[in-house]
Structure formats: C-alpha cells, structure tokens
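This is what each chain is made of:
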Amino acid sequence: MIPTILPTYNRAPLAFVRGEGSWLFTADGTRYLDLGAGIAVNALGHAHPDLIAALTEQAGLVWHTSNVYQIPAQQKLADLLTEATFADTVFFTNSGTEACELAVKMARKYWFDQGRPDRTRILTFEGAFHGRSAAGIAAAGSEKMTKGMGPLLPGFTQLPFGDHAALDAAIRDGDVGAVLVEPIQGEGGIRTLPDACLKGLRDLCDATGVLMILDEVQCGMGRTGRLFAHEWAGVTPDIMMVAKGIGGGFPLGAVLATENAASGMGPGTHGSTYGGNPLACAVGARVTQIITDPAFLAEVNRKAGLLRQGLEGVVAAHPDVFAAVRGSGLMLGLTCRVPCADVVKAGHGAGVLTIAAADNVIRILPALNIPDADIAQALERLDRAAASLAPVGSHAR
Ligand code: PLP
C-alpha cells in the first residue's frame, strides 16, 4: 500500500520536535548536532530569537494580502537586497525552484524583446541542480531526474562542469540566450567553479551578450563567507536565483536582476499568489539585516577556518572512511571512501546530522552562527561516526 505521504524521499527514521541553535531534539529529548541546517536553510540556526520576534510581530498584524497591493515588508526586503548587491530589482518566490522558473522566463523574454526570439537556448552544467519543476529538471538534464518525465522543456544544453573550452565553443552558437550555473554545486557534491572560470564566463557573456544567471540558492546568503559566492570572483551576474538561507527556515526565494536583464518583465508577465508574502518577507528582512553585517560575515569566515582545519584532522584520522575536504566557507563536503549514505547513518548513531550529495560526498552546512563549542562537538561526533565505520585497527587513534 502506498504510504499516506507520497514516498519520493528516503527518509531517515528520525523526527525532531524542537530546535535550538545548532541542535535538534527528538520527542524523547535526545539531541542531534545539526550540520545540515535543513539543507542550508536554517542559516541562523533553529529558533533564533530575532526571527521569532520578526515572525510573531508580523503574524499579529497581517498574514497575507496579495501582490495586487503594496506590501511594505516586501519593499523593505527588496531595498535591503538591492542595496547589498548588483541587482536593481527583485521578484520574490516561495522556493528556489520557482526562482529558476522565473530566471528562465526572464532570459527568454529579454531576447524576445530584443528582436531575437531565436535566442532561447540556456547552457547549463553537468551535475547541476536547479529544482524539480519541468524547467529545473530540463536544466539539470540528469537521467536520474528526467527519466520518465518527458517530454522535457526544450532549449537546455549541459556542458561538463568547469570546462571553459566547451563553454567558449558552445556560447558562440547563435541561439544561446543565457548561461545558468551554480558557483558551487550543492546537490552535485560541493563542486566549486574556480574563480577564473566564473571570471571567464563573465567575459564570454560580455563578448556575446549572453545573460549570466547564477543559482545561489544553496551557496548564497553568507554561506561562503561573502553575502553571495560570486563576490569572491569579483564578477556580477545579470540574474541571480536565491532561496533557502534567505528565509532562515520560512519558505522564501527571490530572483535578483539588473534593470537591463529584467526589462521584459512588465505587468502580467509573471506572478505568484504567495511570493513575497508579508510573513516570509518580515523574516527574510531580519535574516538579511543580520547576514549583511560585515562583522557577521567576518565571523562566518573565522568559524569556517576553524571547522575546515578540524575536518582536515578528522579526514586524516580516518583515511579508510574519508578522502578529502572540499568546498568554501561553511559549505563544505567530505568525499567518502565508503558509501556516503553509510557515513550519514553512522552520524545519526553519533548524534550528528549531515546531508548526502552526489559524488559520494557528505555535506557539512551548519548554521552560519554555529558556536565554536558546537564546532568542537561536530568534530568529536564526526570522529566517533567515522570510527564506528572504519575496520578495527585501520586508523591511528
Ligand atoms: N537550486 C539549487 C542550487 C538548490 O540547491 C536547490 C535545492 O536544493 C534548488 C535550486 C531548488 O530549491 P527549492 O528546493 O527551494 O525549490
């Protein structure tokens, strides 16, 4: 018999009833150190007092009106985001997937309005993840996501990740309108596009007029130690997808764009009943105020250094379990020598939560404000998890 919840997830036998900072608690009071943060969503940990205050204050005023009216909380968040980034304009969504839908539509509409309705092709990269909608799976193109789901939305071509020569060749095809890339692939296994690639991509886009769309749904909002990951490379996109961390756990996403890239999106070209809802935007504004503080980002970088150094030690101590640490800031991955699902499960036994990804990687995506003492706990618990997997006598601890 089919479960009453559609079984599209392989769920762990764990249910959490309460969260506090970097910790989650089961009904019997057992605590787990959350190094997944709901897959990079709980950017400020669980039950952050400022976010509870922002949500409850808005909840006592008005929950929903509609985008047919002005929404002050939405305007406030749009102002914060445009002040802090390359963007001139923002559209709010409820998720990263919806941000992908709009990014694709915006790029195509841009070229239509330029008198080039043929420039519909969007170049993407193997291993990418942009969501589970028809556009999202067509953009990623992997067999795993698309098999049996056809006919797929046409107009996407996947290139090898980070292969600049392939990009250079493909981008010159006359029908290309945009390139869509994650600066760091999350679901793809914490694979970082080198800064030089991102710079080279910007140069190619400038030379050809192709729009650069960055998917910062997972790597954005302070996760790498800058507000957005592309800032490390000193380039700016034309369109950017944001979600996950921006809502701190409340469903919220956004598409940020330059005035030029967004020029085709007038009244009636896009919409959303819930997108930019007052509750989501009240929380999002508070999250954004906290994360854009340079002192907060400096702390993210310091904590990232501490965590990375410790993880290098855990990897070195368990060469039968782990191969290497990779990633940037607090978006880290451990490549595994045993099935990564076994490592995640061993973590549950040791009271630490990590997230599996492609390429046999476990993701370490803690709250950006994880206390140093919890970083120490993380290392201790990961060490214990690895020790429970390694063959007896195989490591030097
Ligand atoms: N883009 C990236 C890079 C993601 O990591 C995700 C989700 O994991 C998405 C898009 C889709 O976002 P959502 O699940 O909020 O629809």
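Residues numbered from 1 in each chain as written. Predicted model: local features only at pLDDT ≥ 70, side-chain atom pairs only at ≥ 80, totals over all residues. Heavy atoms only, no water.

Just to check I follow, could you spell out the environment of Gly-96 for this structure?
With respect to the secondary-structure elements, Gly-96 resides in helix α4 (residues 96-113). With 157 residues separating them along the chain, Gly-96 and Gly-253 place their C-alpha atoms 5.6 Å apart. Once you skip the residues sitting within four places of it in the chain, Gly-96 turns out to touch His-130, Val-217, Met-241 and Ala-243. (Helix = DSSP H or I, 4+ residues; strand = E, 2+ residues; numbered from the N terminus. Contact = heavy atoms within 4.5 Å.)

Quick question: what am I supposed to make of the site of the ligand here?
In the vicinity of the ligand, the contacting residues are Ser-95, Gly-96, Thr-97, Phe-129, His-130, Gly-131, Glu-182, Glu-187, Asp-215, Val-217, Gln-218 and Lys-244. A distance of 2.6 Å separates a nitrogen atom of the ligand from a polar side-chain atom of Asp-215. One of the side-chain N or O atoms of Lys-244 is found 3.2 Å from an oxygen atom in the ligand. Starting from 390 Å² of accessible surface for the ligand in isolation, the protein chains cover 83%. Of the residues contributing to the shell around the ligand, the split by class is 2 nonpolar, 6 polar and 4 charged. (Near = heavy atom within 4 Å. Polar contact = N/O pair within 3.5 Å; in protein donor to acceptor, adjacent residues only side chain to side chain. Areas by Shrake-Rupley, 256 points an atom, 1.4 Å probe, with all protein chains shown as cover. Nonpolar A, V, L, I, M, F, W, Y, C, P; charged D, E, K, R; others polar.)

Just checking my understanding: could you explain the sheet that holds strand β6 (residues 156-159) for this structure?
Taking strand neighbours across the sheet as the criterion, the 7 strands line up as β4-β12-β11-β10-β7-β5-β6 in an open arrangement whose pairing is mixed. Of all the strands in the sheet, the pair left with one neighbour each is β4 (89-93) and β6. Across the sheet, the axes of successive neighbouring strands diverge by a mean angle of 20°, strand direction being ignored. Inspection of the sheet shows strand β11 (residues 239-242) paired to strand β12 (residues 253-257) by 4 bridges, in the antiparallel sense. Across the sheet, Met-241 pairs through a bridge with Val-255, a residue of β12. (Pairing = 2+ DSSP bridges. Axes fitted to C-alpha atoms, helices over the stretch in contact; angles between N-to-C directions.)

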